[in-house]
Amino acid sequence: MSEESVSNGPLSPELLATMDAYWRAANYLSVGQIYLKDNPLLERPLTLDDVKPRLLGHWGTTPGLNFLYVHWNRLIRERGLDMIYIIGPGHGGPGIVANTYLEGSYSEIYPHIEQNRDGIKRLFRQFSWPYGIPSHVAPETPGSIHEGGELGYSLVHAYGAAFDNPDLIVACVVGDGEAETGPLATSWHSNKFLNPATDGAVLPILHLNGYKIANPTILARIPHAELEDLMCGYGYEPFTLEGDDPAVMHQQAAAVFDTMFDRIAAIQKAAREGGSTTRPAWPMLIMRTPKGWTGPKFVDGKPVEGTWRAHQVPLSEIFEKPEHLRQLEEWMQSYRPAELFDEKGKFRAELAEIAPKGRLRMGMNAHANGGLLLEPLKMPNFREFAVKIEGRGHHDFESTRILGRFLHGVMQLNLTQKNFRVFGPDETASNRLGDVITGTGKTWMAETLPVDEELSQTGRVMEVLSEHMCQGWLEGYLLTGRHGFFSCYEAFIHIIDSMANQHAKWLKVTRQIPWRKPIASLNYLLSSLVWRQDHNGFSHQDPGFIDHLMNKKADVVRIYLPPDANTLLSVADHCLRSRNYINLIVAGKQPAPQWLTIDEAIAHCTTGLGIWQWASDNDPEVVMACCGDVPTLEALAAVCLLRQRVPDLRIRVVNVVDLMALQPTSEHPHGLPDEDFDQLFPIGVPVVFAFHGYPWLIHRLTYRRHNHDNIHVRGYKEEGTTTTPFDMCVLNNIDRFQLALDAINRVPRLKSQTAAAEQWYSEEIQRHKLYVSENGDDLPEIKNWRWPATNARTTAPLSS
Ligand SMILES: Cc1ncc(C[n+]2csc(CCOP(=O)(O)OP(=O)(O)O)c2C)c(N)n1
Ligand SMILES: [Mg+2]
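The text that follows walks through the structure, step by step, so that each part is easy to find.

## Let's talk about the site of ligand 1
Move 1: Not every one of the 16 residues close to ligand 1 is listed here, only the nearest: T61, H91, D176, G177 and K291.
Move 2: In the environment of ligand 1, an oxygen atom lies 2.8 Å from a nitrogen or oxygen atom belonging to the backbone of E178.
Move 3: At a separation of 3.0 Å, an oxygen atom of ligand 1 approaches a polar side-chain atom of N209.
Move 4: Bound to the protein, ligand 1 loses 74% of the 590 Å² it would expose on its own.
Move 5: For the shell around ligand 1, the per-class residue count stands at four nonpolar, seven polar and five charged.

Written as structure tokens, this is what we have:
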């Protein structure tokens, strides 16, 4: 370190030396995790016996992360900041593990990883070791809410964490490769939704180490001015930190961070005390440092530091090439471990001293263990929003509009505690949830025009045309201990399939980590469903997200298809109170018949599926099962047709709300016991099952059931276009005529009637086709069909 660089900046020479030593310690521990299983302090010459048999992990990004961590520590201490980290290149896991170890959080959470030689040895050994810890900034890592395994979501998570957390700073490292992903590229725009008066701050750091796994990054190979322009264009004030001389870099980093934090403080002060309502240009940092900084410069004659070759394990042939072992030892010794750890292997007190203390340590920040801070939502009584049923199916309501009123009630009750937000990709109103916006507005920090409606800097409904952002914000919000609701068009929720995967994985793992407290569930409402796409057609028809989620762990996923508004209310209330799940609710927004009173709805949702006695005969010869609002309508209409054609046929109607109840108890906690399933679907009795989604899913769920051979499913089979609602059903053979015909064909005693029934079916479908072609609408008797009171099988009065 040159004299000049040491004294040229805000750090005293002593502090600079200590911070540099701290950084060296973090780098040392990072390399140790990747390579060593013994000899943790290099107290004797390194031998092959000390080296792990499988060298796994990522070095390249790690020294940069370690550098940032030590600087953030200084800022936290000097300014008393409440700060969490989010690491986009989460493959730099060893660095964050090392830092949480050095600050003491790691040993407090995992006492066997002691602050001594044995502890370091265990720390090294467990990394990427079978049944040890993962290589990424995983749920196991103290202070993490973001694993960074699948790249692209760091910045959006950071913003989600910052909303409604006015005192929180979220330091977010974005990999320059990660920045090439679609979700990350759009996430910069989150600054148009962050209110400096009521939200916290996000500090984005673009980690411009120049490379990905095997290629340069785009942002590193455009002129610096163009990169700055890009960041300005996104609405940030970019700062740059560039170099590779540690001493110079420490001083410059300290100076630039001081300026940036002053900026953040000034922005917040202007908004909070000065009443400023202009959208600020928040600071962001472009950090241009070598990939694999401080690591081997050349390996086998090829440059490594500052290239993509540093991405994973720079010296990978330790067992084949003796010079690699020597180089590894030199590399590790270059950090001077004897200066960093005392004779017992404890991190030296004078170095440990500069870390923040207690809850201010990033590994111990409660925001990153959101369940610790979780306040239950104050819930209105959902019965008060119920639809009055005056006759089965006699009145049409838009079920999601009823839900919107309920969500408005939830929003209003939680305005003071500010822990509930609703997210949607420009579809909240379209999905008929508009009432939730009333009184609170939609978050918007960008320009407004007189024509705008309900945009507000303090809005609590968040709309942006990016499913990635909605999902990412919500995840960040939930992971820091709040609640939320995401509504989306059914077909386009697939855009975030992969993010849902990652969240499900996170939830699965956290269930096994005792110190991670349960967080609120991630609630989806899918509306604008496959069966009712009047405006849009085939591109908007895809119910496959259900199948996608079905693959996840049973203890994480719940899927509900409420057939009407009251069941939707009951399901939504349940989901908003639940913890640690992904809840998927599929419910239509179009006017549709309402079947169950609120008391019946609650009872029905509690069991998850059941016989609709009012439509059913005793001792059934056929079960008409249905799941989803349109299939329920068609199944009931089919029952009426059957009662006209075969008046003595004994029919049972079973409706399924909770899809998981179809599985055996061994597969899912909601699974119905076999005895109960056999009661509903008696062995030997044919079942005609009308399902909202792809039909094969029902087979998958029920294939172990005794009566599986008799279950015949109709569902969406990828036929669609812009056509009438009923024609959509006809195209996919889930229409009432088809279901009725299926029943006749499946009941053995009706064998003699099947030919006539086939004939009847083709005539009806013919008539339908001709009518829709000519009139552009469904036949009046189809469109205006109502469940006839004369069809009721029970005369008991409606319960409420
Ligand atoms: C969405 C996604 N695509 C691909 C990968 C595989 N992958 C892991 S690391 C990496 C390169 C990351 O580069 P960068 O973001 O620049 O990180 P750093 O240079 O800091 O390691 C890639 C492509 C991934 N993890 N996630
Ligand atoms: Mg990179």
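Okay, back to it.
## What about the sheet that holds strand β22 (residues 711-714)?
Hydrogen bonds between backbone atoms are what pair the strands of a sheet, whose relative direction is either parallel or antiparallel.
Move 1: Strand order in the open sheet formed by five strands is β18-β20-β19-β21-β22, with mixed pairing between adjacent strands. Looking at which strands have only one partner, the edges of the open sheet turn out to be β18 (609-611) and β22. Between one strand axis and the next, the sheet turns through 20° on average, direction left out of account.

## Looking at the nonpolar core
Move 1: Within the largest apolar cluster, 183 residues are counted, with the highest numbers of intra-cluster contacts made by Y35, W72, F257, L659 and F689.
Move 2: Counting residues per element, this core draws most heavily on helix α2 (residues 13-35), which supplies 12 residues.
Move 3: Once you skip the residues sitting within four places of it in the chain, F689 turns out to touch A625, C626, C627, V656, L662, I698, I711, H712, V713 and R714.
Move 4: L596, V639, A740 and I782 belong to the second largest nonpolar core, which has 50 residues in total.

## Examining the coordination of the magnesium ion (ligand 2)
Move 1: Coordination of the magnesium ion (ligand 2) by the protein is provided by D176 (OD), N209 (OD1) and Y211 (O), with metal-donor distances spanning 2.0 to 2.2 Å.
Move 2: When the donors of the magnesium ion (ligand 2) are listed by position in the chain, the intervening gaps give D-x32-N-x1-Y. Here the residue D176 occupies a position in the loop between β2 (168-175) and α8 (182-187), and Y211 occupies one in the loop between β3 (201-207) and α9 (224-233), the gap between them amounting to 35 residues. We note that D176, like Y211, is buried.

## Quick notes on the pairing of strand β16 (residues 582-586)
Move 1: Of all five residues that make up β16, five are buried, and the element is covered over most of its length.
Move 2: Going residue by residue along β16, you find I582, L584 and V586 tucked away on one face and N583 and I585 tucked away on the opposite face as well.
Move 3: As judged from the five bridges shared by strand β14 (residues 522-527) and β16, these two strands associate in the parallel manner. Its bridge partner lying in β16, L522 is registered against I582.
Move 4: Pairing of strand β15 (residues 557-560) with β16, which is carried by four bridges, proceeds in the parallel orientation. Within the sheet, the bridge partner assigned to I559 lies in β16 and is L584.

## Structural notes on the environment of V170
Move 1: By secondary structure assignment, the location of V170 is in strand β2.
Move 2: Accessibility expressed as a relative area gives 0% for V170, which makes it buried.
Move 3: C-alpha separation for the pair V170 and T702, spaced 532 residues apart in sequence, amounts to 46 Å.
Move 4: Leave out the neighbours within four places in its chain, and V170 touches I84, I86, A158, A161, A162, A201, V202 and L203.

## Looking at the pattern of salt bridges
Move 1: Tallied over the full model, the rule gives 44 salt bridges.
Move 2: The closest approach of N and O atoms between R117 and E43, which form a salt bridge, is 2.8 Å. Of this pair, R117 sits in helix α6 (residues 117-126) while E43 sits in the loop between α2 and α3 (62-79), placing them 74 residues apart in sequence.
Move 3: Judged by its relative accessible area of 29%, R117 falls in the partly exposed class.
Move 4: Note that E621 and R650 form a salt bridge whose closest N and O atoms lie 3.7 Å from each other. Separated by 29 residues along the polypeptide, E621 in the loop between β18 and β19 (622-627) and R650 in the loop between α20 (629-645) and β20 (651-656) bring together distant segments of the chain.
Move 5: In this structure R650 comes out as partly exposed when scored by relative accessible area, which is 31%.
Move 6: Residues joined by salt bridges that share partners form a network here, namely R74, E78, R79, D258 and D262.

## A few points about the packing of aromatic side chains
Move 1: Evaluated as defined, the whole model comprises 34 aromatic pairs.
Move 2: Their ring planes at 85° and their centres at 5.6 Å tell us that F163 and W473 sit as a pair that is edge-to-face. Taken as a pair, F163 in the loop between α7 (154-162) and β2 and W473 in helix α15 (residues 467-479) lie far apart in primary sequence, 310 residues in all.
Move 3: Members of the aromatic cluster, joined through ring pairs, are Y22, Y28, F124, F341 and F347.

## Observations regarding unusual backbone geometry
Of all residues except glycine, most have a negative phi; of all peptide bonds, most are trans.
Move 1: You will see that S128, though not glycine, has its phi angle at about 50°, which is positive.
Move 2: Inspection of the secondary structure puts S128 in the loop between α6 and α7.
Move 3: The exposure class of S128 is buried, given its relative accessible area of 18%.
Move 4: The backbone phi angle of N733 is positive, close to 55°, even though this residue is not glycine.

## Remarks on the packing of helix α18 (residues 565-577) against helix α19 (residues 598-607)
Move 1: In contact at an axis separation of 8 Å, α18 and α19 are set at 55° when each is read in the N-to-C sense. Judged on the interaxial angle alone, α19 and α18 are oblique. Note on packing geometry: the crossing formed by α18 with α19 is right-handed. In this structure, α18 uses N566, T567, S570 and V571 to contact α19, whose residues at the interface are I598, A601, I602, H604 and C605.

About the criteria used
- Residues numbered from 1 in each chain as written.
- Chains lettered and ligands numbered in written order.
- Predicted model: local features only at pLDDT ≥ 70, side-chain atom pairs only at ≥ 80, totals over all residues.
- Heavy atoms only, no water.
- Near = heavy atom within 4 Å.
- Polar contact = N/O pair within 3.5 Å; in protein donor to acceptor, adjacent residues only side chain to side chain.
- Areas by Shrake-Rupley, 256 points an atom, 1.4 Å probe, with all protein chains shown as cover.
- Nonpolar A, V, L, I, M, F, W, Y, C, P; charged D, E, K, R; others polar.
- Pairing = 2+ DSSP bridges.
- Helix = DSSP H or I, 4+ residues; strand = E, 2+ residues; numbered from the N terminus.
- Axes fitted to C-alpha atoms, helices over the stretch in contact; angles between N-to-C directions.
- Core = buried A, V, L, I, M, F, W, Y, C linked by side-chain atoms within 4.5 Å.
- Buried < 20%, exposed > 50% of the residue type's maximum accessible area, 1.4 Å probe, protein only.
- Contact = heavy atoms within 4.5 Å.
- Donors = N, O, S within 2.8 Å, 3.2 Å for Na, K, Ca; no water.
- Salt bridge = Lys/Arg side-chain N within 4 Å of Asp/Glu carboxyl O.
- Phe/Tyr/Trp six-rings, centres within 6.5 Å; stacked < 30°, edge-to-face > 60°.
- Parallel < 35°, antiparallel > 145°, perpendicular 65-115°, else oblique.
- Left-handed = near helix turned anticlockwise from the far one by under 90°.

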